[in-house]
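Here's the letter readout for the chains.
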Amino acid sequence: MAQNEKVDVCIVGSGAAGGSLSLALAEAGIKVVVLEVGPWWNPLTDYIHNPLEMPGRFRWNMPVTQVGDRVGRTPHSSWGVGGGMNHWTAAVGRFEEEDFKQGTLEGMGADWPFSYADLVPYYEKAEAQLGVSGLAAGAPAGYVQGKPPNPAHRLFYANQLLKKGFDKLGIPSYSGSVAINSQIYKGRPACNYCGGCSMGCPIGAKANTAITHFPQAIKLGVEVRARSYATQIRMDNRGRAKSVVYFDFNGVEQEQEANIVVAAGWTIESPRLLLNSATSQFPDGLANSSGLVGRGLTCILGGRIRAIYDEPVDGFKGFNLNNLESRHFYKTDASRGYWGGWTFEASSSGHPLSYANQRGRLWGHDLIEHMKTFRSYAALSVWGRATVSLDNRVTIDDQVKDEYGIPAAKITYHFSDNDHQLSREGRRRGEEAFEAAGAKEVWSDGPTRGSYWLGGLRMGSDPAESVTNGYGQTHDIPNLFVVGPMLIPGAVGIQPTLTIVALGNRIGEYIGANRQEF
Ligand SMILES: Cc1cc2nc3c(=O)[nH]c(=O)nc-3n(C[C@H](O)[C@H](O)[C@H](O)COP(=O)(O)OP(=O)(O)OC[C@H]3O[C@@H](n4cnc5c(N)ncnc54)[C@H](O)[C@@H]3O)c2cc1C
Ligand code: SF4
């Protein structure tokens, strides 16, 4: 097996987590190698705004077994340098203060091992790095506010109408935060509202660690090895992580030794890597003395409400998500009869191709009549807090192997009755908002579905109840770290990526300050 010169830190994964961590480490003078299974994308030639082609390009065809309810369209957020941020829709919000102590306050999931206040400086840093655009003030009292460096985008016309509907119902709503430039920021242009965010932003108006973090990290000495698939973390005879084994772009097996190893390959592949790295000393997988590796997998419940107005509203124009936000229903209200709540985010209604399929399979005259309403069509998303269960988990499927003979991940997931109730209610309230806004026809997508995998390598203070401490450092192996949404021990109804970048910065600072001890 080919050997490489030992480095300080080897990170598996180059998304929001790996990108933010790399830069924080490089700024602390630490020598870093990043292994990324996907390619470096060239935004100008690779991001084709063709909805038939682009989703396939971003899909990593790694087999995954799924048992129970399906969550998300694919079990990987993406692949390539930047990870899911290549085609994310860039809605960013800070989590609510209560989200950090959900175990104590609501008996759901577990408390974070630190408070919202502890993360605030890193949220601010993340907002500055990503170039968030949003309101610096103006969200209703009681909800956390970010510190975006760019002004909020104006509300698109469809969302001005929807806001009137919310207003009529007494539901406060306001310009949401997005990591999309509303003006030139750090040399990146302002958004041109082309609407193609989920197919990649060719001009770089949308944040992505491939353009917001890695260029600076590489200048400071970080080495990114694209098309490098990590299959195992090797241990030394003192019970410490020693190296990462990977297949390079030619399919040649290599070993990268490092003083510290970090799993930052997102929510499904990171537990898989720890479980597939089992040794005689760690027979149940690395860092698994609690038995919690892979457990407590959670999603964000997603729902979409759709409306047609009497007039053209051009809901397809503009970036894809969170031009208008409301957290009015976010917190649990026992009088509603179920636990949890959700965020509303007005979304752009999508390209004509997706609209053509909105009403089942239409042909000929029916399809033509349907498409005539395209410009009058608008959409709204619901992001709900899913209940947390340790039975929802990632394990290894010994029966299914990838092309290198490595066992695939197996996801077992079941929505709870509470999840179904909350999803139905979120969709119903969204329909009411469109009706109040004057839409002539309103419908929503069922049944319950989800997005954004979280949990599975939860952080906490008690080694019996968690896999890592508050700095992503595994309780069992002091030089093995985890960064990403896998750390989140509770349920949220707010997209996680801003928080992931904040965590990457916080963990990078911790490793930088304490590296001699690991
Ligand atoms: C269509 C879409 C829209 C989204 N919109 C939003 C949004 O509006 N707001 C929001 O906050 N979030 C959004 N997300 C989620 C967001 O993309 C993720 O939260 C974020 O990318 C997670 O960052 P990460 O670094 O933890 O993981 P990833 O971005 O998935 O990065 C992990 C990287 O690790 C690599 N990798 C995995 N395993 C290995 C291995 N064994 N060896 C080498 N490399 C490996 C993967 O290829 C990947 O590039 C969206 C996601 C999708 C798919
Ligand atoms: S809408 Fe804006 S952020 Fe999205 S792809 Fe177009 S220019 Fe980029």
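Residues numbered from 1 in each chain as written. Chains lettered and ligands numbered in written order. Predicted model: local features only at pLDDT ≥ 70, side-chain atom pairs only at ≥ 80, totals over all residues.

Peer 1: How would you summarise the overall build of the protein if you had to cite specific residues and measurements?
Peer 2: From N to C terminus, the protein includes 13 helices and 17 strands. Over its C-alpha atoms the protein spans a radius of gyration of 22 Å, differing by no more than 12% from the 24 Å that the globule rule assigns to 518 residues. Taking the principal axes of the C-alpha coordinates as reference, the protein spans close to 70 × 50 × 45 Å. Within the protein, the fraction of its 518 residues that count as buried is 53%. (Helix = DSSP H or I, 4+ residues; strand = E, 2+ residues; numbered from the N terminus. Rg over C-alpha atoms; globule rule 2.2 N^0.38 Å. Buried ≥ 20, exposed ≤ 12 C-beta atoms within 10 Å, placed from the backbone.)

Peer 1: Give me the site of ligand 2: which residues, what numbers.
Peer 2: With respect to spatial proximity, 13 residues lie near ligand 2, and among them Cys191, Cys194, Cys197, Cys201 and Lys206 are the closest. Among the residues making up the shell around ligand 2, the classes are represented as 9 nonpolar, 3 polar and 1 charged. (Near = placed C-beta within 6 Å. Nonpolar A, V, L, I, M, F, W, Y, C, P; charged D, E, K, R; others polar.)

Peer 1: Any details on the sheet that holds strand β13 (residues 393-401)? Residues and values, ideally.
Peer 2: Spatially, β3-β14-β13 is the arrangement adopted by the 3 strands of the open sheet, whose pairing is mixed. Bordering the open sheet on either side are β3 (64-68) and β13, each of which pairs with just one other strand. The sheet shows a mean angle of 30° between the axes of neighbouring strands, direction not considered. Running at roughly 65° to β13, helix α9 (residues 266-276) makes contact with β3, β13 and β14 (407-413) of the sheet. (Pairing = 2+ DSSP bridges. Axes fitted to C-alpha atoms, helices over the stretch in contact; angles between N-to-C directions. Contact = placed C-beta atoms within 7 Å.)

Peer 1: Account for the nonpolar core, naming residues and giving values.
Peer 2: Counting 138 residues, the largest nonpolar core has Val9, Ala90, Leu162 and Val262 as its most contacted members. For Val9, the contacting residues outside a window of four places in its chain are Leu25, Ile30, Val32, Ala258, Asn259, Ile260, Val262 and Ile511. (Core = buried A, V, L, I, M, F, W, Y, C linked by C-beta atoms within 7 Å.)

Peer 1: Please give an account of helix α1 (residues 16-27) that cites residues and values.
Peer 2: When the terminal C-alpha atoms of α1 are compared, their 17 Å separation across 12 residues agrees well with the 16 Å that a helix rising 1.5 Å per residue should span. α1 sits mainly inside the fold: 11 of its 12 residues count as buried. Along α1, the residues classified as buried are Ala16, Ala17, Gly18, Gly19, Ser20, Leu21, Ser22, Leu23, Ala24, Leu25 and Ala26. (Expected span 1.5 Å × (residues − 1).)

Peer 1: Pulling in residues and values, what's your account of the environment of Gly93?
Peer 2: Structurally, Gly93 can be placed in the loop between β3 and α4 (102-106). Taking the number of C-beta atoms within 10 Å as the measure of exposure, Gly93 has 29 and is therefore buried. Residues Gly93 and Leu35, 58 residues apart in the sequence, show an inter-C-alpha distance of 28 Å. Look past the residues within four positions of Gly93 in its chain and what remains in contact with it is Gly146, Ser177, Ile494, Gln495 and Leu498.

Peer 1: Lay out the packing of helix α5 (residues 116-130) against helix α13 (residues 497-514) with the relevant residues and their values.
Peer 2: With their axes 8 Å apart at the nearest point, α5 and α13 run at an angle of 110° to one another. By the criterion of interaxial angle, the relationship of α5 to α13 is roughly perpendicular. Considering only the axes of α5 and α13, their crossing is right-handed. Contacts between α5 and α13 involve Leu119, Tyr122, Tyr123, Lys125, Ala126, Gln129 and Leu130 from the first element and Leu498, Val501, Ala502, Asn505 and Arg506 from the second. Taken together, the residues of the contact of α5 with α13 sort by class into 8 nonpolar, 2 polar and 2 charged. (Parallel < 35°, antiparallel > 145°, perpendicular 65-115°, else oblique. Left-handed = near helix turned anticlockwise from the far one by under 90°.)

Peer 1: Describe the site of ligand 1, with residues and values.
Peer 2: Around ligand 1, the structure places 41 residues, and the nearest of them are Gly13, Gly15, Gly83, Gly84 and Gly265. By residue class, the composition of the shell around ligand 1 is 22 nonpolar, 17 polar and 2 charged.

Peer 1: Quick one: what's the story with the pairing of strand β6 (residues 229-235), residue by residue and with numbers?
Peer 2: Judged from the 6 bridges that link them, β6 and strand β7 (residues 241-247) form a sheet pairing that is antiparallel. The partner of Ile233 across the bridge, within β7, is Val244. The turn joining β6 and β7, which pair antiparallel and follow one another in sequence, is formed by 5 residues; a positive phi near 80° is taken by Gly239.

Peer 1: I'd like a description of the packing of helix α6 (residues 157-168) against helix α12 (residues 417-436), backed by residues and values.
Peer 2: At their nearest, the axes of α6 and α12 sit 7 Å apart, and the two run at 105° to each other. When the interaxial angle is binned, α6 and α12 end up roughly perpendicular. Residues Leu162, Gly165, Phe166 and Lys168 of α6 touch α12, and the partners they reach there are Ala433, Phe434 and Ala436. A breakdown of the residues in the contact of α6 with α12 according to their chemical character gives 5 nonpolar, 1 polar and 1 charged.

Peer 1: A description of the environment of Ser22 should follow, citing residues and the corresponding values.
Peer 2: Relative to the assigned elements, Ser22 resides in helix α1. Along the sequence, Ser22 and Val33 sit 11 residues apart, while their C-alpha atoms lie 8.5 Å from each other. Apart from residues lying up to four places away in sequence, Ser22 is in contact with Ile11, Val32, Val34, His213, Phe214, Ala217 and Val222.

Peer 1: Would you mind going over unusual backbone geometry in detail, with residue names and values included?
Peer 2: You will see that Lys186, though not glycine, has its phi angle at about 45°, which is positive. Look at Asn322: it is not a glycine, yet its phi comes out positive at around 65°. Among the structural elements, Asn322 can be located in strand β10 (residues 321-326). Classification of Asn322 by C-beta neighbours within 10 Å gives buried; the count is 28.

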